[in-house]
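# Reading the structure
Chain by chain, the residues run as shown.
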Amino acid sequence: YAVVDDPAALLWVANLGAVDMNPWQSRHDAPDEPTHVLFDLDPGEGVPFEAVVETALLVREAISAVGLRGYPKTSGGSGMHVFVPIAPGFRFETARLFAQVVGEMLSARRPDLVTTAVRVADRGARVYLDANQNGRGRSISSVYSVRPRPGAPVSTPLSWDEVRADLTPSAFPPEVVARRLAERGDLFGEVLTDLQDLAGAVARL
């Protein structure tokens, strides 16, 4: 597998015709250990992005209650991702179960808004919290990845005060994201350093 960790490698991948980057959720030297718990917010057909925003805020509230900090980003598509960076040593099954439990809690609390139903036909017009994306070899669009969609939207890191009803993923084309980086720095940088204790959070559930 390619490890894209410098500008030359990125140019090499782009030269192959790749547009979006979809890395694993572990490091190459520890492929069985997730670097984070992922909350993947996937809206059903016709569900407005405002519902995705509301769900992301519910996720933030739930993880904050057990002492965790989440880092939101647009997916560059119709959904959002919330990353919870964790300390080394956990297995993917632990991360998946944690995300599943939180998702089921939110689904029970807001069955009109959130679902954990795996079958698409059972989801309805709700936001699907996909815990199964927490798995070895599973991949999602990376932060700052351009997506092959009209307008070339970028999967963009956000501050929580930007996660509000008027947020739209199409507002982040490459030129806007480049300007944000220059003005605000890397809002996702702490995902690499803010390594949290998942075991302690599990004990508080």
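Heads up: these notes are all about the structure in this document. Along each chain, residues carry numbers from 1 onward, in the same order as the chain's sequence is written. Per-residue local features are limited, in this predicted model, to residues with pLDDT of at least 70; the limit for side-chain atom pairs, both in listing and counting, is 80 or more; totals at the level of whole chains, interfaces and linings are taken over all residues. Water and hydrogen atoms play no part in the side-chain values, which are based on all heavy atoms of the structure.

### Some points on the nonpolar core
Nonpolar side chains in soluble globular proteins tend to be buried together. Take the buried Ala, Val, Leu, Ile, Met, Phe, Trp, Tyr and Cys residues and link them wherever side-chain atoms come within 4.5 Å; each set so joined is a nonpolar core. Buried means the residue's accessible area, taken with a 1.4 Å probe over protein chains only, is under 20% of the maximum for its type, while exposed means over 50%, and partly exposed covers the values in between. Counting residues in hydrophobic clusters, the biggest one holds 40 residues, and the most contacted among them are Val37, Phe39, Leu68, Met80, Phe98 and Leu106. Here a strand is any run of E in DSSP of at least two residues, a helix any run of H or I of at least four, and the numbering for each starts at the N terminus. If you list the elements that add at least two residues to this core, you get strand 3 (36-43), helix 2 (49-65), strand 5 (80-85), helix 3 (92-109), strand 7 (127-129), helix 4 (174-184) and helix 5 (198-204). For this core, the element with the highest residue contribution is helix 2, accounting for 9 residues. By definition in these notes, contact holds between two residues if any of their heavy atoms fall within 4.5 Å. Leaving out residues up to four positions away in the same chain, valine 37 has contacts with Val82, Phe83, Val84, Ile86, Ala95, Phe98, Ala99, Asn134 and Leu198. Within the second largest apolar cluster, 6 residues are counted, among which are Tyr71, Ile140, Phe188 and Val191.

### A word on the sheet that holds strand 4 (residues 71-74)
The 5 strands lie next to each other as 4-5-3-7-6, forming an open sheet whose pairing is mixed. Strands at the two margins of the open sheet, each flanked by one partner only, are strand 4 and strand 6 (114-115). Across 3 bridges, strand 3 lies against strand 7 in antiparallel orientation. Along strand 7, the bridge assignment pairs proline 43 with valine 127. To get an axis, a line is fitted to the C-alpha atoms, and for a helix only the part in contact is used. The angle between two axes follows their N-to-C directions and goes from 0 to 180 degrees. Sheet strands in contact with helix 2 are strand 3, strand 5, strand 6 and strand 7, and its direction is about 155 degrees off that of strand 3. Where helix 3 meets the sheet, its contacts fall on strand 3, strand 6 and strand 7, and the angle it forms with strand 3 comes to roughly 40 degrees. Any two strands with at least two DSSP bridges between them are considered paired.

### Here we look at the packing of aromatic side chains
In this scheme Phe, Tyr and Trp rings, the latter by its six-membered ring, pair at centre separations within 6.5 Å, and the angle between planes marks the pair as stacked below 30 degrees, edge-to-face above 60, and tilted otherwise. Following the criterion strictly, the structure yields 3 aromatic pairs and no others. With 5.3 Å between their ring centres and 55 degrees between their planes, tyrosine 1 and tryptophan 24 make a pair best called tilted. Here tyrosine 1 is found in the segment before helix 1 (7-15), whereas its partner tryptophan 24 is found in the loop between helix 1 and strand 1 (26-27), with 23 residues between them in sequence. Since its relative accessible area comes to 89%, tyrosine 1 is described here as exposed. Judged by centre distance (6.4 Å) and plane angle (70 degrees), the rings of phenylalanine 39 and phenylalanine 98 are edge-to-face. Pair noted here: phenylalanine 39 is in strand 3 and phenylalanine 98 is in helix 3, with a separation of 59 residues, a long-range link. No difference in accessibility class separates phenylalanine 39 from phenylalanine 98, as the two residues are buried. We call a charge positioned over a ring when the NZ of a Lys or the CZ of an Arg lies within 6 Å of the ring centre and within 35 degrees of the ring normal. Lying over the aromatic face of tyrosine 128, arginine 123 brings its terminal NZ or CZ to 3.6 Å of the ring centre.

Honestly, that's just the spatial picture; any functional story needs more than this.
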